[in-house]
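Residues per chain are reported as follows:
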Amino acid sequence: MDLGITGKRALVCASSKGLGRGCAEALAAAGVNLVMNARGAEALEATAAEIRASHGVEVVAVAADITTEEGRAKVLAEAGQIDILVTNAGGPPPGLWSDWSRDDFIKALDANMLAPIALMQAALPGMMERGWGRVVNITSQAVKAPLGVLGLSNSARSGLTGFVAGTARQVAGSGVTINNLLPGIHATDRADSLDGAVVKSAGITLEEARARRAATIPVGRYGTAREFGATCAFMCSQHAGFMVGQNVLLDGGAINTTL
Ligand code: NAP
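Bear in mind that the values here come from a model prediction, so they are computed numbers and not experimental data.

A. Spatial organisation of the packing of helix 4 (residues 102-130) against helix 5 (residues 151-171). Across the interface, helix 4 lies against helix 5 with an axial gap of 8 Å and an inter-helix angle of 15°. When the axes of helix 4 and helix 5 are compared, the pair comes out roughly parallel. As helix 4 runs across helix 5, the sense of the crossing is right-handed. Here Asp-104, Phe-105, Ala-108, Leu-109, Asn-112, Met-113, Pro-116, Ile-117, Met-120, Leu-124 and Met-128 of helix 4 come into contact with helix 5, specifically with Leu-152, Ser-155, Ala-156, Arg-157, Gly-159, Leu-160, Phe-163, Val-164, Thr-167 and Val-171. A breakdown of the residues in the contact of helix 4 with helix 5 according to their chemical character gives 15 nonpolar, 4 polar and 2 charged.

Here it is as structure tokens:
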């Protein structure tokens, strides 16, 4: 399917690896020029070079921490005018509800709520002026079904979801859509680190930890960054102009709900 976005320019945050990279690759395959970001310059440059070589699109790589004001200023300055924004950042660490301090919450809110909101505030006015734009926020299945150990994620991402629900309806009349893409369990470094925590707490091997979690997914396996990226690219396409303020869950059927 032609996504109709060849020549558009996208900022894909936190995209040297994992789900962000999946989104960047799928957009590049659709002919979109990219501004990519991550903190580690080496992995970012390597991914950018691979995408340039595979898809022949322009790729600007900006090494910066997207959860800080300075990092965002650097990324936005290099990005210039963008048509598509994919927000993303690392997820908060797991833990226990009784242990989290105010500082832990502020860190999670900065990374997974306030950073995407600030990026939208920066990008939306230009998109609205030009009459076209797409925003996809990478959030989490935790928004639909909380995971106790990820209370920091549950909290911050729910706040972002509330912001998007109201804001998406305010900008839709200008040709700009905002939606959230909710990953269930996907095979990335993040999944490895969460499985690693179970290895320690349950005294099992990494393979056993993976098999246990895979067994909770009706599809019987973890999702891939490629599948995730393809969905993101569709949500950024010309065909998705009527999709507004939605929370699209990609979880292999893991969350057992009717809606
Ligand atoms: P990942 O494999 O660990 O990749 C994270 C990417 O983000 C890397 O490129 C990393 O590069 C970059 N990054 C992390 N913190 C950053 C920051 N502060 N500024 C800029 N770049 C940053 O993670 P993932 O699995 O793709 O997860 C992406 C998001 O989805 C996370 O918020 C995660 O919590 C959420 N999620 C994932 C799953 C899953 O199963 N994978 C499920 C639910 C939710 P650097 O480290 O070099 O910065």
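B. Structural detail: helix 2 (residues 41-55). Counted at 1.5 Å a residue, the expected span for helix 2 with its 15 residues is 21 Å, and the 21 Å between its end C-alpha atoms agrees. Listed in full, the buried residues belonging to helix 2 are Leu-44, Thr-47, Ala-48 and Ile-51. Down the axis of helix 2, the sector holding all buried residues measures 100°, keeping them to one side. Exposed residues lying more than 90 degrees from the buried face of helix 2 are Glu-42 and Ala-53. Gly-56 sits one or two residues past helix 2 and shows a positive phi near 65°.

C. Quick look at the sheet that holds strand 4 (residues 84-87). The strand order across the open sheet built from 7 strands is 3-2-1-4-5-6-7, with neighbouring strands paired in parallel fashion. Whereas interior strands pair on both sides, the edge strands pair on one side only; in this sheet they are strand 3 (59-63) and strand 7 (247-250). The mean angle between the axes of side-by-side strands here comes to 15°, regardless of whether they run parallel or antiparallel. Sheet analysis places strand 1 (residues 9-12) next to strand 4, joined by 3 bridges and oriented parallel. Note on strand 4: the bridge partner recorded for Leu-11 is Leu-85.

Criteria and cut-off values
- Residues numbered from 1 in each chain as written.
- Predicted model: local features only at pLDDT ≥ 70, side-chain atom pairs only at ≥ 80, totals over all residues.
- Heavy atoms only, no water.
- Axes fitted to C-alpha atoms, helices over the stretch in contact; angles between N-to-C directions.
- Helix = DSSP H or I, 4+ residues; strand = E, 2+ residues; numbered from the N terminus.
- Parallel < 35°, antiparallel > 145°, perpendicular 65-115°, else oblique.
- Left-handed = near helix turned anticlockwise from the far one by under 90°.
- Contact = heavy atoms within 4.5 Å.
- Nonpolar A, V, L, I, M, F, W, Y, C, P; charged D, E, K, R; others polar.
- Expected span 1.5 Å × (residues − 1).
- Buried < 20%, exposed > 50% of the residue type's maximum accessible area, 1.4 Å probe, protein only.
- Arc of directions from axis to C-beta.
- Pairing = 2+ DSSP bridges.

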